[in-house]
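Descriptive analysis of the structure
Okay, here's what each chain looks like letter by letter:
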Amino acid sequence: MNFQSRVGPVQWLKPYTDEVLVELGKKGVRSLLAVPVSFVSEHIETLEEIDMEYKELALESGIKNWARVPALGLTPSFITDLADAVIEALPSAKAMYSQISSTSEDVDHDPLKYFIKLFFGSFLAFILFLSSKMIMAFRNNVI
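This one's a predicted model, so the numbers in the text were calculated from it and none came from an experiment. (Residues numbered from 1 in each chain as written. Predicted model: local features only at pLDDT ≥ 70, side-chain atom pairs only at ≥ 80, totals over all residues. Heavy atoms only, no water.)

**Concerning the overall build of the chain**
Assigned secondary structure in the chain consists of five helices and two strands. Of the regular secondary structure in the chain, the N- to C-terminal order runs α-β-α-β-α-α-α. In the chain, which comprises 143 residues, the share counted as buried stands at 18%. Considering only contacts in the chain between residues 6 or more positions apart, those separated by 24 or more positions represent 59%. (Helix = DSSP H or I, 4+ residues; strand = E, 2+ residues; numbered from the N terminus. Buried < 20%, exposed > 50% of the residue type's maximum accessible area, 1.4 Å probe, protein only. Contact = heavy atoms within 4.5 Å.)

In structure tokens form, the structure reads like this:
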């Protein structure tokens, strides 16, 4: 078992996937099947990070056969179960929403505060967009 999704300077759960792949290659593992147990749909972490980045690292580390178990995706049974779970949770979600939104203090009508939040939110999004992974994706024509 290993963990990916490291974002920012904080320490993430270990062991890291990239380090485990290199270690397995050194130990002579030649075939590996990735099973992303926490993902219920295909998205950037499965399609780009696991299928492309980790596959490349695995091959460079000596692992010759690389594959990934697909996420649950859009099978009818998964969609039905997900819809049932949402419908089942609706009564408690409605109660939580009414408790949270009933106070007028949560609503911010100050235009200056709104502008500051908008500016810093946009600035943060811009910084994240210029992260090394995004720049590498542009260089590799992934995006």
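**Description of the pattern of salt bridges**
A complete count under the given rule lists two salt bridges for this structure. A salt bridge links Glu23 to Lys27, with the shortest nitrogen-to-oxygen separation between them at 3.1 Å. Of the residues examined, Lys27 reaches a relative accessible area of 60% and is grouped as exposed. Here Arg68 makes a salt bridge to Asp51, at a shortest N to O gap of 2.6 Å. Here Arg68 is found in strand S2 (residues 65-68), whereas its partner Asp51 is found in helix H2 (residues 44-60), with 17 residues between them in sequence. (Salt bridge = Lys/Arg side-chain N within 4 Å of Asp/Glu carboxyl O.)

**Details of H2**
Remark: the principal bend of H2, roughly 30°, maps to Ile50. Listed as buried for H2 are Glu45, Thr46, Glu48, Glu49, Ile50, Tyr54, Leu57 and Ala58. Of the residues trailing H2, Gly62 is marked for its positive phi of about 105°. (Bend = angle between axes of the 7 residues up to and from the residue.)

**Considering the nonpolar core**
Side chains of nonpolar character tend, in soluble globular proteins, to be buried together. Residues Leu21, Ala34, Phe39, Ile50, Tyr54, Leu57, Ala58, Ile63 and Trp66 constitute the largest nonpolar core, which totals nine residues. If you tally residues by element for this core, the top one is H2, at four residues. (Core = buried A, V, L, I, M, F, W, Y, C linked by side-chain atoms within 4.5 Å.)

**Considering helix H1 (residues 17-26)**
Among the residues making up H1, those that are buried are Thr17, Val20, Leu21 and Gly25. The buried residues of H1 occupy an angular sector of 135° when projected down its axis, which confines them to one face. Summarising the contacts, the buried residues of H1 are in contact with strand S1 (31-34), H2 and S2. A positive backbone phi angle near 95° is found at Gly28, which sits one or two residues after H1. (Arc of directions from axis to C-beta.)

**Section: a nonpolar patch on the surface**
On the surface, a cluster of nonpolar side chains totalling about 370 Å² of accessible area is made up of Leu82, Val86, Ile87 and Leu90. Along the chain, Leu82 turns up in helix H3 (residues 76-101). Taking relative accessible area as the criterion, Leu82 reaches 43% and is therefore assigned partly exposed. (Patch = residues over 30% accessible without salt bridge, like charges linked within 9 Å, V, L, I, M, F, W, Y side chains within 5 Å. Areas by Shrake-Rupley, 256 points an atom, 1.4 Å probe, with all protein chains shown as cover.)

**Quick look at the packing of H1 against H2**
Two numbers describe how H1 lies on H2: the axes approach to 8 Å, and their chain directions differ by 25°. By the angle between their directions, the pair H1 and H2 is classed as roughly parallel. In this structure, the crossing between H1 and H2 has a hand that is right-handed. Residue-level inspection shows Thr17, Asp18, Leu21 and Val22 of H1 in contact with H2, the latter providing Tyr54, Leu57 and Ala58. Partitioning the contact of H1 with H2 into residue classes produces five nonpolar, one polar and one charged. (Axes fitted to C-alpha atoms, helices over the stretch in contact; angles between N-to-C directions. Parallel < 35°, antiparallel > 145°, perpendicular 65-115°, else oblique. Left-handed = near helix turned anticlockwise from the far one by under 90°. Nonpolar A, V, L, I, M, F, W, Y, C, P; charged D, E, K, R; others polar.)

Geometric descriptors of this kind do not, in isolation, establish any biological role.
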